[in-house]
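Next come the chains, spelled out residue by residue.
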Amino acid sequence: MAYQFARVLQSSGGFRALCIAVAAALPAASLAQDVVLEEITVTAQKREQSTLDVPLTVDVFSADDMEKTGALNISEMQDFIPGFEMGSNPTQASISIRGISSVGISSGGDPSVATFYDDIYVPRAATTIAFTDVARVEVLKGPQGTLYGRNAAAGVVSIVPNRPGADNEAFTKLRIGNYGLARIEVMGNIAVSDNFFLRANVLSNQRDGYLTNLVPGQKDPGEQDNLAARISGLWRISEATDLQLSYDYDRVDNSARGAVGLSQWGACPTDPRCDVVLNDVIDGEETRDMWAANLKLFHEINDDWSAKFVTGFRTFDVVNKQDEDGTAEYDRYLDTDNIEDSDIAYTELQFNFSNERINLVFGGNLSKEDTSQVIPVNSNTDSVMRAVTAGLAQEFRVPLDHLWNPDEMAGALTYLNSLGLFPFPVTPQDVMATGDLFYEALAADPLLAGVPFFGPSFAGQPWSEIYYNNGDFTNWGIYGDVDFQVNDRWNLLFGLRYSNDEKTFSWRNPPNTFTAMRPGTPDLIFQPDPLYPDARNGTLTATDDWDKLTGRAVARYQLADNAQAFLSYSTGYKSGGYDSLDVWTSDHPLRPEESENIELGVKGDFADDRLRLQLSLFAMDIDGRQRTVDSRPPGQNNPIPTVNSGDQSVEGIEVTLNWLVTDNVQFNFLTTWRDAQATWDPYFDANGDPAGGPQASNATDLDYTLWLGWQPEIGPGNLDVRLEYIYNENTSYLDDSSVVDPALFPGFYEDREELNVRIGWVSDDDKWTAALWGKNLLDQKLLGGISDISILFGTPFTSIGAPLTYGAEVGYRF
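This write-up is about the structure you can find in this document. (Residues numbered from 1 in each chain as written. Predicted model: local features only at pLDDT ≥ 70, side-chain atom pairs only at ≥ 80, totals over all residues. Heavy atoms only, no water.)

Let's talk about the overall build of the protein
What the protein contains, in helices and strands, is eight helices and 38 strands. Taken over C-alpha atoms, the radius of gyration comes to 28 Å for the protein, in line with the 28 Å a tight globule of 814 residues would show. In terms of overall dimensions, the protein has a C-alpha envelope of 95 × 60 × 55 Å along the principal axes. Taken over 814 residues, the protein has a buried fraction of 55%. Long-range pairs, those at least 24 residues apart, make up 70% of the contacts in the protein with a sequence separation of at least 6. (Helix = DSSP H or I, 4+ residues; strand = E, 2+ residues; numbered from the N terminus. Rg over C-alpha atoms; globule rule 2.2 N^0.38 Å. Buried < 20%, exposed > 50% of the residue type's maximum accessible area, 1.4 Å probe, protein only. Contact = heavy atoms within 4.5 Å.)

Quick word on the side chain of asparagine 178
For asparagine 178, the position within the fold is in the loop between strand E10 (169-177) and strand E11 (181-191). Among the polar contacts made by the side chain of asparagine 178, one reaches the main-chain carbonyl oxygen of leucine 804 at a distance of 3.3 Å. Residues in contact with asparagine 178, not counting those within four places in the same chain, are Leu804, Thr805 and Tyr806. (Polar contact = N/O pair within 3.5 Å; in protein donor to acceptor, adjacent residues only side chain to side chain.)

Description of unusual backbone geometry
Even without being glycine, aspartate 118 reaches a positive phi, approximately 55 degrees. Inspection of the secondary structure puts aspartate 118 in the loop between strand E6 (113-117) and strand E7 (120-122). A positive phi is found at aspartate 133, a non-glycine position, where the angle reads about 55 degrees. If you trace the backbone, aspartate 133 turns up in the loop between E7 and strand E8 (134-141). A relative accessible area of 7% means that aspartate 133 is categorised as buried.

Quick notes on the sheet that holds E7
Taking strand neighbours across the sheet as the criterion, the five strands line up as E3-E8-E9-E6-E7 in an open arrangement whose pairing is mixed. On the outer flanks of this sheet lie strand E3 (58-62) and E7, each paired with one strand and no other. Going from strand to strand, the sheet's axes swing by 25 degrees on average, the running direction of each strand aside. Inspection of the sheet shows E6 paired to strand E9 (residues 155-161) by five bridges, in the parallel sense. Along E9, the bridge assignment pairs tyrosine 117 with isoleucine 159. (Pairing = 2+ DSSP bridges. Axes fitted to C-alpha atoms, helices over the stretch in contact; angles between N-to-C directions.)

Examining the environment of arginine 627
Mapped onto the elements of the fold, arginine 627 is located in strand E28 (residues 611-631). Here the alpha-carbon distance between arginine 627 and arginine 591, two residues 36 residues apart in the chain, equals 12 Å. When neighbours within four sequence positions are excluded, arginine 627 is seen to be in contact with Val103, Thr642, Val643, Asn644, Trp680 and Tyr683. Of note is the side chain of arginine 627, whose polar atom sits 3.4 Å from the side chain of tyrosine 683.

Observations regarding the state of the cysteines
Disulfides are covalent bonds that link the sulfur atoms of two cysteine residues. The full count for this structure, using the stated rule, is one disulfide. The disulfide partner of cysteine 268 is cysteine 274, and the gap between their sulfur atoms is 1.8 Å. Taking the torsion about the sulfur-sulfur bond, which here is approximately 95 degrees, the covalent link between cysteine 268 and cysteine 274 counts as right-handed. The exposure class assigned to cysteine 268 is buried, which follows from its relative accessible area of 18%. Taking the relative accessible area as the measure of exposure, cysteine 274 reaches 25% and is therefore partly exposed. (Disulfide = S-S within 2.5 Å.)

Some details on the packing of aromatic side chains
Under the counting rule described, the total for this entry stands at 33 aromatic pairs. Where tyrosine 704 meets tyrosine 727, the ring centres are 5.3 Å apart and the plane angle is 25 degrees; that geometry is what we call stacked. On the criterion of sequence distance, the pair formed by tyrosine 704 in strand E32 (residues 703-710) and tyrosine 727 in strand E33 (residues 718-728) is long-range, its members being 23 residues apart. Through a chain of ring-to-ring contacts, the aromatic side chains of Trp404, Phe454, Phe458, Trp463 and Phe514 assemble into a single cluster. The lysine or arginine in question, lysine 46, covers the ring of tyrosine 148, its NZ or CZ lying 4.6 Å from the ring centre. Its guanidinium or amino end placed over the ring of phenylalanine 618, arginine 98 lies 3.9 Å from that ring's centre, counting from NZ or CZ. (Phe/Tyr/Trp six-rings, centres within 6.5 Å; stacked < 30°, edge-to-face > 60°. Lys NZ or Arg CZ within 6 Å of the ring centre and 35° of its normal.)

A word on the pairing of strand E24 (residues 490-508)
The side chains of a regular strand alternate between the sheet's two faces. Pairing geometry for strand E23 (residues 462-485) and E24, over 18 bridges, is antiparallel. Opposite valine 482, over in E24, you have phenylalanine 494 as the bridge partner. If you look at the hairpin formed by E23 and E24, you'll find four residues sitting between the two strands. For E24 and strand E25 (residues 540-560), the ladder comprises 18 bridges, and the chain directions are antiparallel. In the strand pairing of E25, glycine 495 is matched with arginine 552.

A word on the sheet that holds strand E16 (residues 260-261)
The three strands are arranged E16-E37-E36 in an open sheet whose pairing can be described as antiparallel. Each edge of the sheet is formed by a strand with only one pairing partner; in this case those strands are E16 and strand E36 (783-787). Note: E16 against strand E37 (residues 797-800), two bridges, orientation antiparallel. In the sheet register, valine 260 faces E37, and the bridge partner there is threonine 798.

Digging into a negative patch on the surface
On the surface, a cluster of negative charge is contributed by Asp370, Asp472, Glu502, Asp545 and Asp547. Of note, aspartate 370 is situated in strand E22 (residues 358-380). (Patch = residues over 30% accessible without salt bridge, like charges linked within 9 Å, V, L, I, M, F, W, Y side chains within 5 Å. Areas by Shrake-Rupley, 256 points an atom, 1.4 Å probe, with all protein chains shown as cover. Salt bridge = Lys/Arg side-chain N within 4 Å of Asp/Glu carboxyl O. Lys, Arg positive; Asp, Glu negative; His and termini not counted. Charge placed at Lys NZ, Arg CZ, Asp CG, Glu CD.)

Re empty space enclosed by the protein
Inspection of every chain in the model, using the stated rule, returns nine cavities of 30 Å³ or more. Approximately 180 Å³ is the volume found for the largest cavity. Residue lining of the largest cavity: 19 residues in total, with Leu56, Pro143, Gln144, Arg552 and Ser570 positioned closest to the centre. When contributions to the lining of the largest cavity are tallied by element, the ones reaching two or more residues are E25, strand E26 (563-574) and strand E27 (593-606). Considering every element that reaches the lining of the largest cavity, the biggest residue donor is E26, with four residues. (1 Å grid on protein atoms, 1.4 Å probe; cavity = no way out; pocket = protein on both sides within 12 Å on 5 of 7 lines; lining within 4 Å. Points joined across faces, edges and corners; volume = space filled by probe spheres on them.)

So, the pattern of salt bridges
Enumeration according to the criterion identifies 45 salt bridges in this entry. A salt bridge links arginine 758 to glutamate 809, with the nearest nitrogen and oxygen atoms 3.0 Å apart. Residue arginine 758 is located in strand E34 (residues 752-762), and its partner glutamate 809 is located in strand E38 (residues 805-813); the two are separated by 51 residues in the primary sequence. Assigned by exposure class, arginine 758 and glutamate 809 land together as buried. Via salt bridges that share partners, Asp59, Arg98, Lys141, Glu599 and Glu654 belong to a single interconnected network.

Worth remembering: the numbers are spatial, not functional.
Printed below as a string of structure tokens:
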């Protein structure tokens, strides 16, 4: 790892970013004026500190950032946090920090980034809680196993809502825009008595879709309907003791993710950016219904000692049914669903000691989570026979057409006759004359065993294959962390945590629903593993446990009053687990993910506190790194999402600059560069070809964000202009095993260049606010990756980003 860290220092990307940081600092050094950058307070180390005093890389997305960017949840802040990435699906969003992301939909695994809301751990499908009266979001980079424990192998996201206060206040905000956007938020805080305060807020967000679905009666992709609310009461029992009780509710009722077809049956076969789709998913939706209750008790024991107790319960139901073929062809229909029901209880007891030289925090936590997951794949008999024909063509490397359609049958019969399956050559006329008997003969032939053959008399029947999973997970840990001030310049920090995880997980994969009509018909997608008959005939259950000791050691040097350098070594861990769609993991659980990180950082305010710099160089190793791939091993008809493990090393650099150029002009810049190397366990890719093993070095492309804030001195009121430019090189991260050549379509491999602007106004008494805003002013329509899940239907598809949006805001504070 030391060698990797040295490479970061020598890398061209790291050197370039460092030069940018130094060059930006020089002109600012000559500006000595009264206005300085605002101090930011965080609780990244389980106690309140200025972010400049925290010896780790922590980025903050503030309430002001939320307002000026219009962000609805954490998935919309990724352009302003270097090294932080997140998908846009609210119920299946995967958080990535420094290139380390979570596994897919499997409820038997865990994320690599831990998310907390109001000090309570939040499961994967619940992380996109709406920003309702949120004070800030803290993003902690690198392993945080000591203070946060569970699933903090790559980092932590901590969402901090506002607490009730003693001041009576309220506000209302309205945000409107094109595509029918209407977002309204209302908040009120009241002092009920001298020692009891109540704070409540409600947010409603609605927007029409930005793609037109040409299928009658179907929703347009991109449609949003969100409702979030929170009420919190704070009782000051005494000068030393506070008790806070909170309840929050969050409902998401969005349209299903859009599938932009790339096949000849898509809405626009030659240009996927034509703004229309053909998505015929039946009852498609992405919904989540969630509530939580939290209790927090704070007590100051004496001048040096304090304690905090937090406990909470969260429950949610998720449905995510989406189109998987991007067409309206009845005999190429495929959809998937992810139905989850999860309950989690989390409790933590923490003690803090602080004097002039020592800051100590120690405690323990316990979490218990019960999950229920249903994963259906839905199609129909016409599509299944289409897929069966395509599967035979792929298996035997010959062109075959649909076995039911007389006009398409000739090629298939030519091949089947060549196999000698029949005593005489069979013609399309013979098939039509015998009806289902021909297909029954194929189903009975040993050469085609396991292939679901049936005749056209079964046309138009629904077909579903389903996995049922249940999980019971318990995690507990104890930890301690000490910050010792050696002298006026040096601090040393040491921490340890012991974590223990126990998981019980089950699989049930009954025969496809069509077997009720035609018993014995084999599955097409979720073909049973004969080594694990319990999953097919009943319920297969597995139990295992994992534990790990993680820690950190940090040396911190105070460069100036508001500047420091630090060198840290830290480790993180997430437990092993199970793959929802792979019963093999019942005997061979997923390996635990164990990370270690060396980091050198510089952060502080320079040039008379007008230039703020955060510079981090890191080298991280992850053993047992878990990722999701589309895999089709021998004997399997269609690729399915599968968890694949390996060992990965990541090295890189992150830079964030905030510069007050003048008293009313602020320039901001952030960038990141990473290089990753990995060796993956063997698997079969979506085409059924062997994959895995060592992977070539994979460096990130050029990514950076610039934004300029200008507050001209004009009256009445105060103007606030914000201009953002976001650049991501080569945004299409495509798998080389894809059956589609992306070069055939416009939009792939494009650089992202997004221009956003907001012109805001605040009245002299700070009561009225108004703004005009525009996002993606260049109207760039970026394409995502290519999905091959419907490979047997010949219907790959992609996704597309939001187009140009614009609107206005108005608010009033009471």
